[in-house]
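A structural walkthrough
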Amino acid sequence: MNGTDTTLLDIRDRFPCLEQQVHGKRLAYLDSAATALKPACVIDAVTQHYTQESANIHRGVHHLSEKATASFEAARETVRAHLNAAHTHEIIFTSGTTDSINLVAQAFGQLEIGKGDEILITEMEHHSNIVPWQLLRERSGAVLRVAPISDDGDVDREAFRASLNERTKLVAFTAVSNALGTVNPVAEMAAEAHAAGASVLVDAAQGVPVQPMDVQALDCDFLAFSGHKVFGPTGIGVLYGKEGLLEAMPPVKGGGDMILSVTFEKTTYNALPYTFEAGTAHIAGAIGLGRALEFVSELGYAAIETHEAAILADAFEALQAIEGVRLVGTPSRRKGIISFLVDEIHPHDLGTILDQEGVAIRAGHHCAQPVMAHFGVPATARASFSLYNNHDDIDQLVAAIQKAQEIFG
Ligand code: C6P
């Protein structure tokens, strides 16, 4: 391992959570695919909102409300610029990826999907990109098709193409698999879906944290992501939608802020993006997310990708060198997520022992049970890497795995 590589980012001190010890050990946080740690600048932005401008938005005429509204709408513009969306009103604040996908399943579902229409997903999807479509299937009589993955953990592109037909109304797939780390060729898959006449939703929960997701270059119709995986607060997320589609879709939640006028006879709805933002928004969350995306832009995806590729390569090499470690999935393009098994040790036991050594990983099915079924395992251990990880984290992971092997004999 190259412990003196100076090209790597060295920004651990910007993440206050890393200052602590866990069970008396240095913290090696290898669970960023579940949620990323927050840099001080994001925590400060949230604190600043609550200490200086704590007020509701779009409603008040007083100073604090105007300040909060300006900060909230500035965050929306930051998200637009980050995704290179054509219009700020194409950015809807939601509570996260799950909420964003459910919004599309309900609103686009009402607009476009009827009995016999088809929705195509892939076998590597997170439950959040499976269950909303099953619910829609129950409501509408639509057909849910699944493009299989190979034993390496790549989407079987031939089967994907073969599943597209004139009944396909929507193709929904992940940019990066949370269980395998697979990076999908989003633009190519979107182009194939469009050629068949379908709309495209990209689950970018694991994409936005690690690579540019330019919605115009990718030509996706919808894109969903969560703030908390990209160094922002929990409880805030984004749905990007193309203007024409969002304008045609009916609102699915009613309440304050999404209306222009209400009588008992008739309600007229507010314009985009507010049509889909009923009720008081997660104002502090949106402001924190805006700051998080600025933080990513300040570092630049090029530096983030270089750093993560170096850490991933080290981790890959180190894990493969341990006898008894089996990697689950070897996709052709991968981001910083590795699923693995160690001897016959149950991933939950492994996760518990690693925790005692200060190493935080995720153990379980990763909300991707069909992926586990494909590989014939109930669960895996998963290490996921971010820009604050370094070679010491990998060394600590290796030592902790070896300790678990000793304990289990
Ligand atoms: N994956 C993981 O440990 P929410 O919960 O709405 O913020 O994100 C849901 C989601 C959707 N798609 C993908 C690809 C995801 O990875 C996730 C969240 C976490 O892998 C928690 S299960």
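The next point concerns the sheet that holds strand β6 (residues 143–147). Pairing is mixed across the open sheet formed by seven strands, whose spatial order is β4-β10-β9-β8-β7-β5-β6. Both edges of this open sheet fall to β4 (91–94) and β6, since each of them pairs with a single strand only. For this sheet, the mean inter-axis angle between neighbouring strands, taken without regard to orientation, is 20 degrees. Where strand β8 (residues 199–203) and strand β9 (residues 222–226) come together, three bridges link them in parallel fashion. Of the residues in β9, the one forming a bridge with L201 is F222.

With that out of the way, let us pick up the state of the cysteines. Taken as a whole and judged by the stated rule, the model has zero disulfides. Considering cysteine sulfurs only, C41 is the nearest to C17, which forms no disulfide, with 15 Å between them.

Further remarks concern the site of the ligand. Taken together, 17 residues lie near the ligand, and T98, D203, Q206, S226 and R362 sit nearest. A distance of 2.8 Å is found between an oxygen atom of the ligand and a side-chain nitrogen or oxygen belonging to N178. R382 is positioned such that a nitrogen or oxygen atom in its side chain is 2.8 Å from an oxygen atom of the ligand. In isolation the ligand has 500 Å² of accessible area, and contact with the protein removes 87% of it. A domain split of the shell around the ligand shows at least three residues from each of domain 1 (12–30 + 301–407) and domain 2 (43–298).

Core analysis: the largest hydrophobic core is formed by 77 residues, its most contacted members being L83, V202, V208, L223, F225, F231 and L387. Broken down by element, this core gets its largest block of residues, nine residues, from helix α9 (residues 283–299). Composition of this core by domain shows at least three residues from each of domain 1 (12–30 + 301–407) and domain 2 (43–298). Setting aside residues no more than four positions away along its own chain, L83 makes contact with I91, V208, M213, D214, V215, L223, F225, V238 and Y240. Formed by 29 residues, the second largest nonpolar core is a distinct cluster that contains A28, V325, A400 and I401.

Moving on, we get to the domain arrangement of the protein chain. Along its sequence, the protein chain is carved into domain 1 (12–30 + 301–407) and domain 2 (43–298). Each of domain 1 and domain 2 was reduced to a C-alpha centroid, and the two centroids are 29 Å apart. Between domain 1 and domain 2, the contact holds 31 residues from the first and 31 residues from the second. For the domain 1 face of the interface with domain 2, the top three residues by lost area are Y301, K335 and H374, together amounting to 26%. Counting across the domain 1 and domain 2 interface gives zero salt bridges. Counting the contacts that link domain 1 with domain 2 gives 16 residue pairs in polar contact (both at pLDDT 80 or more). Among the secondary structure elements, those contributing two or more residues to the side of domain 1 that touches domain 2 are α10 (301–320), β14 (337–342) and α12 (369–375). If you tally residues by element for the side of domain 1 that touches domain 2, the top one is α12, at six residues.

Cut-offs used in this document
- Residues numbered from 1 in each chain as written.
- Predicted model: local features only at pLDDT ≥ 70, side-chain atom pairs only at ≥ 80, totals over all residues.
- Heavy atoms only, no water.
- Pairing = 2+ DSSP bridges.
- Helix = DSSP H or I, 4+ residues; strand = E, 2+ residues; numbered from the N terminus.
- Axes fitted to C-alpha atoms, helices over the stretch in contact; angles between N-to-C directions.
- Disulfide = S-S within 2.5 Å.
- Near = heavy atom within 4 Å.
- Polar contact = N/O pair within 3.5 Å; in protein donor to acceptor, adjacent residues only side chain to side chain.
- Areas by Shrake-Rupley, 256 points an atom, 1.4 Å probe, with all protein chains shown as cover.
- Domains from an automatic or database assignment.
- Core = buried A, V, L, I, M, F, W, Y, C linked by side-chain atoms within 4.5 Å.
- Buried < 20%, exposed > 50% of the residue type's maximum accessible area, 1.4 Å probe, protein only.
- Contact = heavy atoms within 4.5 Å.
- Buried area = accessible area lost by both parts, 1.4 Å probe.
- Salt bridge = Lys/Arg side-chain N within 4 Å of Asp/Glu carboxyl O.

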